[in-house]
Amino acid sequence: MSIRAIIVDTAGTTTDLNFIQDVLFPYSKKAMADFLTQNQDNALVDYCISDVKDIALEPDASLERVTEILNQWIEEDRKVTPLKTLQGLIWKQGYNRSEFKGHIYPDFIDNIERILAANIRIYSFSSGSVDAQKLLFSHTDAGDLTAHFSGHFDTRTGNKLDKQAYSNICNTISLKPKQMLFISDMVEELKAADAAGMLTCQMVREPNSRTAKFKIITSFDELKC
């Protein structure tokens, strides 16, 4: 059975983890207080604020306290949907102001056309929101790459460490697990995808990366389609 779709992780696989940790996260933390103050009446932002209070079990938290909670979650790299949604909105502001560009590894950019020419669809799956993924792939040094993707998945699909998330992706795309290849740098994510029956491949960009039984590549140049 041939591969019909490739699902790529973002941080550490298609984009440099340092870009997320050193550029995007600090930007969202610095901008969070002003963003919430200026946009608290926006329906989506208001929903996220309420969601933060629910998750933190602090129903009466002030806006200042909500900001503290969110910034603590940024420090902890928590994979919670309201944080990821708000970060996506804040990053959109940064991209639109040209305060930074989205970093994408050149080897991924160079191989997109080859993958698509093999009649293989490309999707991304990240703990960052779908909107944040679209922003990342639309503001790169190589221009807007979003037209090359057939779709994006985030934490609303499920936790990346849970088998069910990958089963949900299979159901959404309407392909059998063995027709789909998941590429990530994270062993735990690969284990979950493998448990769901997907084909797997580990991207190892750093020599000291933790590896397991999975097939390993160090660049998309090595990916056989």
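Residues numbered from 1 in each chain as written. Predicted model: local features only at pLDDT ≥ 70, side-chain atom pairs only at ≥ 80, totals over all residues. Heavy atoms only, no water.

A. The overall build of the protein, seen in detail. Scanning the protein for helices and strands turns up eight helices and six strands. Starting at the N terminus and walking to the C terminus, you meet the elements of the protein as β-α-α-α-α-α-β-α-β-α-β-α-β-β. Taken along its principal axes, the extent of the C-alpha atoms in the protein is 55 × 35 × 35 Å. The buried share of the protein, taken over its 225 residues, is 50%. Averaging the locations of the 25 positively and 31 negatively charged side chains of the protein gives two centres separated by 8 Å. (Helix = DSSP H or I, 4+ residues; strand = E, 2+ residues; numbered from the N terminus. Buried < 20%, exposed > 50% of the residue type's maximum accessible area, 1.4 Å probe, protein only. Lys, Arg positive; Asp, Glu negative; His and termini not counted. Charge placed at Lys NZ, Arg CZ, Asp CG, Glu CD.)

B. Inspection of the sheet that holds strand β5 (residues 199-203) at higher detail. One open sheet accounts for six strands, arranged β3-β2-β1-β4-β5-β6; its pairing is parallel. On the outer flanks of this sheet lie β3 (151-153) and β6 (216-217), each paired with one strand and no other. Here helix α7 (residues 163-173) sits on the sheet and contacts β1 (5-8), β2 (121-125), β3 and β4 (180-184); the angle it forms with β2, its principal contact strand, is near 145°. (Pairing = 2+ DSSP bridges. Contact = heavy atoms within 4.5 Å. Axes fitted to C-alpha atoms, helices over the stretch in contact; angles between N-to-C directions.)

C. Representation of unusual backbone geometry within the structure. The phi dihedral of D77 is positive, around 55°, even though this residue is not glycine. Along the chain, D77 falls in the loop between α3 (63-76) and α4 (81-96). On the basis of relative accessible area, D77 is assigned to the partly exposed category, the value being 29%. The phi angle at S98 is positive, at roughly 55°, despite the residue not being glycine. Turning to its location among the elements, S98 is positioned in the loop between α4 and α5 (106-117).

D. The arrangement of the pairing of β1 in detail. Going residue by residue along β1, you find A5 and I7 tucked away on one face and I6 and V8 tucked away on the opposite face as well. Relative to β4, β1 runs parallel, the two sharing four bridges. From the neighbouring strand, I7 faces β4, where its bridge partner is F182.

E. Local environment of the pattern of salt bridges. Taken as a whole and judged by the stated rule, the model has 13 salt bridges. Note that K160 is salt-bridged to D9, the shortest N-O span being 2.6 Å. One end of the pair, K160, is in the loop between β3 and α7; the other, D9, is in the loop between β1 and α1 (17-39), and 151 residues separate them in sequence. The same class applies to K160 as to D9, namely buried. (Salt bridge = Lys/Arg side-chain N within 4 Å of Asp/Glu carboxyl O.)

F. The arrangement of the packing of α1 against α4 in detail. One can describe the packing of α1 onto α4 by two numbers: an axis separation of 9 Å at closest approach and a directional angle of 95°. Compared by their axis directions, α1 and α4 come out roughly perpendicular. Counted together, F19, L24, F25, Y27, S28, A31, M32, F35 and L36 of α1 and L83, K84, L86, Q87, L89, I90, W91, Q93, G94 and Y95 of α4 form the full contact between these two elements. Residues that form the contact of α1 with α4 fall into these classes: 14 nonpolar, four polar and one charged. (Parallel < 35°, antiparallel > 145°, perpendicular 65-115°, else oblique. Nonpolar A, V, L, I, M, F, W, Y, C, P; charged D, E, K, R; others polar.)

G. Highlighting the packing of aromatic side chains. Using the criterion set out here, one finds eleven aromatic pairs in the structure. Consider the rings of F108 and F149, whose centres lie 6.2 Å apart with planes at 40°: the pair is tilted. Placement of F108 in helix α5 and of F149 in the loop between α6 (130-138) and β3 is noted, with a sequence separation of 41 residues between them. Exposure class is identical for F108 and F149. Each is buried. Summarising the aromatic geometry, the rings of F125 and Y166 are spaced 5.4 Å apart at their centres and angled 80° between planes, so their arrangement reads as edge-to-face. Here the residue F125 occupies a position in strand β2, and Y166 occupies one in helix α7, the gap between them amounting to 41 residues. The exposure class assigned to F125 is buried, which follows from its relative accessible area of 0%. (Phe/Tyr/Trp six-rings, centres within 6.5 Å; stacked < 30°, edge-to-face > 60°.)

Remember that the coordinates give geometry; whether it matters functionally is a separate question.
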